[in-house]
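Here's the letter readout for the chains.
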Amino acid sequence: MALTAFTVLFAVSIAGYLWNRRAASVLREGGARLHSLSGFHGLYSFLTAAIPAVVVVLFWLILQGPIIDWLVMSGLPAGTLDGLSKGARQLTLAEIKSIAGGRIFGTPEPWKLEAAERLNSLRQVGSVLMVIVAAALSGLLVLLARQKVSDIFRARHKVERTLSGLMIFCATVAIFVTFGIVASLLFETVRFFERVPVGEFLFGLNWEPQIPLREDQVAAEGAFGWIPVILGTIVITILALLLSIPVGLMSAIYLNEFAPKRVRAVAKPILEILAGVPTVVYGFFAILVVAPALRSFGASLGIPVSPNTAMAAGGVMGIMLIPFISSFAEDALSAVPQSLREGSLGLGSTRAEMVTKVLFPAAIPGIVGGILLAVSRAIGETMIVVMAAGLIAKLTVNPLESVTTVTVQIVTLLIGDTSFDNPKTLAAFALGMMLFLVTLVINIFAIRIVRKYREIYD
Amino acid sequence: MVTDSSSTQPIRETARPVHQERTKISTHEVDVFYGAAQAIRKVSIDLYEKAVTAFIGPSGCGKSTFLRCLNRMNDTIDVARVEGTILLDGQDIYDPKVDPVQLRARVGMVFQKPNPFPKSIYDNIAYGPRIHGLATRKSDFDDIVEWSLRKAAIWDEVKDRLDQPGTGLSGGQQQRLCIARALAVQPEVLLMDEPCSALDPIATAKVEELIAEMKMEYTIVIVTHNMQQAGRVADRTAFFYLGDLIEYETTAKLFMNPREEQTEAYISGRFG
């Protein structure tokens, strides 16, 4: 029925568009000089009718359910609900609903059957009423809009104002969703810290979150110190940066300053393909190619290498970051004015001297900004480490051992058995909050640096 | 002095007699192509040592392109191709044995827009000497920096803030800084590509004054849009039109008594 309502109101609005446009055209053909083009008169009618009607239908859809529930419950024979707890009342309502849906178990009391019938008829009435209201409202608004068509009516101004209102609405939606996400994160984090002291979480050196969810489960006592987890993240991030920064920068410098046009035309798209590879594919690459290769290489040297090394995960993450850093560095280098290149070459510098002594220092703020953004991507990267890094939090900086990361822990804490009054599950939110804060700070730094550098040449 | 080179001054008659001069750069039938388009056609010209030569002509006539051949700056443009011979002190600069990097140290360049590096004033000047290894000790660098800035007549304005960024100077100061930067590598020739087009009249006058002083020691080639400027600073002037060298004469003769009709039309302002 909701679909019918929307179809009707859009049909009416489109009819209003055509009607108003026609009316305006007729006026124009009659020799009048209209303030707005006919299309704007049409759009004015469409927007006037569609927006309020859509809002009304949406509210109707949200409110219809609870109102009907309330009507059904209050329409029950007097005394049936007396002395029932809130939970029991909900159970009764659920039973009535399933009877209304045709799923009848056993022989329900006659008053329940009666209530189910009432529920069905109320629903029917509500839906029909909604369609009628939508049609009537949009029709009325179309009529009102039609009245406005005249040579002096400023339809374009109205339409532009409405559209800019819509844009503001969309922009605020994004902002409010962000706030909502942060708020939900914050809410659960506070609940976690009611159970586990902040000090223990921030400074504890043990991370053993697999505590029992129910009485009958056998599990460890549990410890929630995030140091080993964040240390694992840091180790993997550093390994990723050790690979991606030099390779990314060198390739950017080569492509931007040295490569002949033909090489550039081939190499750049390939690098961009690398940026488009889904991270889960990098994950495959890490566990199926890099990790076994590292292990057998280690074995040939007599060094024990764990199957889920930080090295494999960090290395593959580094490969993922190469195009990211490279494209940022390229942007920064190409933002350096051509006149500086000529100035340097004109003094008799080689291209290498020009790059290292003039371009690179001039581009360094942009490059640093790009690297910081890469860092926050590495910290938040999930799929590669879920597949290639370990699960056990170990307090180590040895890249050949298995470490875990914040993102891996969040994933493992939230899959399988969860219960939202248990520190095991809530710990995921605390970790998420910390991750959010860390990347937020890094991003703010990065954006500030990038912005500062932009001012130099503008 | 500034008043000497103001625009009311008649065209100077100080071009030295030809017989005393030595040819510094000699070009023979130089063609320049950008891809398929020909920008310069068969230009042969002799540029004299310790004199100022101006290239004038309407926009797009190839004067800057030709200037950039003289220190092989066109090499940095992929599609540019240069044919013909250009001799510097009798040596072909397009000979494979010649390293363009060393050539550019001998033939310095000042660009249209001041382009100081985003470094301190000191480092801007010391950049060239550093890459060419002209000094090793700090005190030697200090001397070069002071000498260059004095030569470019900007020492008194910046001596107290050598550690400040060169980009913080005014446009005219930046351009003189760039001239000082070019002088610091001790070039023999200085190519100036419309060095005053981004400057106000007062800064322009200062740069022109500087050019007049520098020609005691350097061979200077200047591209300019501004015919009065050519008249004020140049001993000889070459008029380019649509890729051809139309006329090359002492400045006085070219402006007073041009041989070619096109030159006459251009300098009298009938086109350009």
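Residues numbered from 1 in each chain as written. Chains lettered and ligands numbered in written order. Predicted model: local features only at pLDDT ≥ 70, side-chain atom pairs only at ≥ 80, totals over all residues. Heavy atoms only, no water.

(A) Just the overall build of chain B, in detail. Counting its secondary structure elements, chain B contains 10 helices and 10 strands. A compact globule built from 272 residues should have a C-alpha radius of gyration of about 19 Å, and chain B, at 18 Å, falls within 12% of that. Over its C-alpha atoms, taken along the principal directions, chain B stretches across nearly 55 × 45 × 35 Å. Each of the 272 residues in chain B was classed as buried or not, and the buried ones make up 53%. Across chain B, every contact between residues at least 6 apart in sequence was considered, and the portion connecting residues at least 24 apart equals 67%. Of the roughly 11,800 Å² that chain B leaves accessible, carbon and sulfur atoms contribute 49%. Charged side chains in chain B number 32 positive and 38 negative. The centres of these two groups are separated by 2 Å. (Helix = DSSP H or I, 4+ residues; strand = E, 2+ residues; numbered from the N terminus. Rg over C-alpha atoms; globule rule 2.2 N^0.38 Å. Buried < 20%, exposed > 50% of the residue type's maximum accessible area, 1.4 Å probe, protein only. Contact = heavy atoms within 4.5 Å. Areas by Shrake-Rupley, 256 points an atom, 1.4 Å probe, with all protein chains shown as cover. Lys, Arg positive; Asp, Glu negative; His and termini not counted. Charge placed at Lys NZ, Arg CZ, Asp CG, Glu CD.)

(B) Broad picture of the packing of aromatic side chains. On inspection of all chains with the given rule, the structure shows 15 aromatic pairs over all chains. Arranged with centres 4.8 Å apart and planes meeting at 65°, the rings of A:Tyr44 and A:Phe153 form a pair that is edge-to-face. Separated by 109 residues along the polypeptide, A:Tyr44 in helix α2 (residues 38-74) and A:Phe153 in the loop between α4 (110-148) and α5 (155-195) bring together distant segments of the chain. The pair formed by A:Tyr44 and A:Phe153 is uniform in burial state, with each residue classed as buried. Ring centres of A:Phe192 and A:Phe201 lie 5.6 Å apart, and the angle between their planes is 75°; on these two criteria the pair is classed as edge-to-face. Each of the two residues, A:Phe192 as well as A:Phe201, counts as buried. Through pairs of rings, three or more aromatic residues link up here, namely A:Phe192, A:Phe193, A:Phe201, A:Trp207, A:Phe224 and A:Trp226. Just above the ring of B:Phe33 sits the side chain of B:Arg81; from NZ or CZ to the centre is 4.4 Å. Between the NZ or CZ atom of B:Arg130 and the centre of the ring of B:Phe141, over which it lies, the distance is 5.3 Å. (Phe/Tyr/Trp six-rings, centres within 6.5 Å; stacked < 30°, edge-to-face > 60°. Lys NZ or Arg CZ within 6 Å of the ring centre and 35° of its normal.)

(C) Representation of the interface of chain B and chain A within the structure. Contact with chain B, which involves 22 residues of that partner, is made by 20 residues of chain A. Summing both sides of the interface, chain B and chain A together bury roughly 1,700 Å²; the carbon and sulfur share of this comes to 63%. Counting across the interface, chain B meets chain A through one salt bridge. The salt bridge involving A:Glu342 is made with B:Arg68; its shortest N-O contact spans 2.7 Å. At the surface where chain B touches chain A, the tally comes to six residue pairs in polar contact (both at pLDDT 80 or more). (Buried area = accessible area lost by both parts, 1.4 Å probe. Salt bridge = Lys/Arg side-chain N within 4 Å of Asp/Glu carboxyl O. Polar contact = N/O pair within 3.5 Å; in protein donor to acceptor, adjacent residues only side chain to side chain.)

(D) Structural detail: the side chain of A:Ser376. All names here are of chain A. Checked against the element boundaries, Ser376 lands in helix α12 (residues 351-380). With relative accessibility at 10%, the residue Ser376 sits in the buried group. Among the polar contacts listed, one links the side chain of Ser376 to the backbone oxygen of Leu373, at a separation of 3.1 Å.

(E) Expanded view of the confidence of the model for chain A. Looking at chain A, the pLDDT average stands at 88 and 97% of residues meet or exceed 70. When mean pLDDT is taken per element in chain A, helix α7 (residues 227-258) of chain A scores highest with 93 and helix α15 (residues 423-457) of chain A scores lowest with 82. (pLDDT = per-residue confidence, 0-100.)

(F) Looking closely at unusual backbone geometry. Residue and element names in this part refer to chain B. Even without being a glycine, Glu29 presents a positive backbone phi close to 45°. Note that Glu29 resides in strand β1 (residues 23-34). Given the relative accessible area of 38%, Glu29 is considered partly exposed. Residue Lys50 is not a glycine yet carries a positive backbone phi of 50°.

(G) Representation of the sheet that holds strand β3 (residues 52-56) of chain B in the model. Residues and elements named next belong to chain B. Sheet architecture is open: six strands sit in the order β6-β7-β8-β3-β9-β10, paired in mixed fashion. Single-partner strands in this sheet number two, and they are β6 (107-110) and β10 (244-250). Across this sheet, the average inter-strand angle for adjacent strands is 20°, counted without regard to direction. Looking at chain direction, β3 and strand β8 (residues 219-223) are connected through four bridges and run parallel. Each bridged residue has a counterpart across the sheet, and for Ala54 the counterpart in β8 is Ile222. (Pairing = 2+ DSSP bridges. Axes fitted to C-alpha atoms, helices over the stretch in contact; angles between N-to-C directions.)

(H) Representation of the pattern of salt bridges in the model. Residues and elements named next belong to chain B. Overall, the coordinates contain 31 salt bridges over all chains when judged by the stated rule. One salt bridge in this structure joins Asp75 and Arg72, with 2.9 Å as the shortest N-O distance. The shortest N-O distance in the salt bridge between Asp142 and Lys138 comes to 2.9 Å. Of this pair, Asp142 and Lys138 both sit in helix α4 (residues 138-151), four residues apart, roughly one helical turn. Overall, the relative accessible area of 56% leaves Lys138 in the exposed class. By sharing partners, the salt bridges in this structure join Arg22, Lys24, Glu49, Asp89, Arg106 and Glu188 into a single network.

(I) Fine view of the domain arrangement of chain A. Taken domain by domain, chain A comprises domain 1 (2-153) and domain 2 (207-457). Placing the centre of domain 1 of chain A and that of domain 2 of chain A at their C-alpha centroids yields a distance of 50 Å. (Domains from an automatic or database assignment.)

(J) Structural detail: helix α6 (residues 171-183) of chain B. Residue and element names in this part refer to chain B. A rise of 1.5 Å per residue sets the reference length of α6, with its 13 residues, at 18 Å; its end C-alpha atoms lie 18 Å apart and thus fit the reference within 8%. Extensive coverage of α6 is indicated by the burial of 12 of its 13 residues. Listing the buried residues of α6 in full gives Gly172, Gln173, Gln174, Gln175, Arg176, Leu177, Cys178, Ile179, Ala180, Arg181, Ala182 and Leu183. (Expected span 1.5 Å × (residues − 1).)

(K) The sheet that holds strand β5 (residues 91-92) of chain B, seen in detail. All names here are of chain B. Overall, antiparallel pairing links the four strands, which are arranged β2-β1-β4-β5 in an open sheet. Each having just a single partner strand, β2 (37-48) and β5 make up the two edges of the open sheet. In terms of strand pairing, β1 meets β2 through eight bridges, oriented antiparallel. What sits directly across from Thr27, in β2, is Ile45.

(L) Examining helix α9 (residues 279-301) of chain A more closely. All names here are of chain A. Counted at 1.5 Å a residue, the expected span for α9 with its 23 residues is 33 Å, and the 31 Å between its end C-alpha atoms agrees. Remark: the principal bend of α9, roughly 40°, maps to Ala286. Within α9 the residues assigned to the buried category are Tyr282, Gly283, Ala286, Ala291, Leu294 and Gly298. Its buried side turned inward, α9 meets α8 (261-276), α10 (310-335) and α13 (383-388). Downstream of α9 by one or two residues, Gly302 has phi in the positive range, about 80°. (Bend = angle between axes of the 7 residues up to and from the residue.)

(M) Layout of the environment of A:Leu231. All names here are of chain A. Position of Leu231 relative to the elements: it lies in helix α7. Note: C-alpha distance between Leu231 and Thr404 (173 residues apart in sequence) is 8.6 Å. What Leu231 contacts, discounting residues up to four positions off in sequence, is Leu395, Thr396 and Val397.

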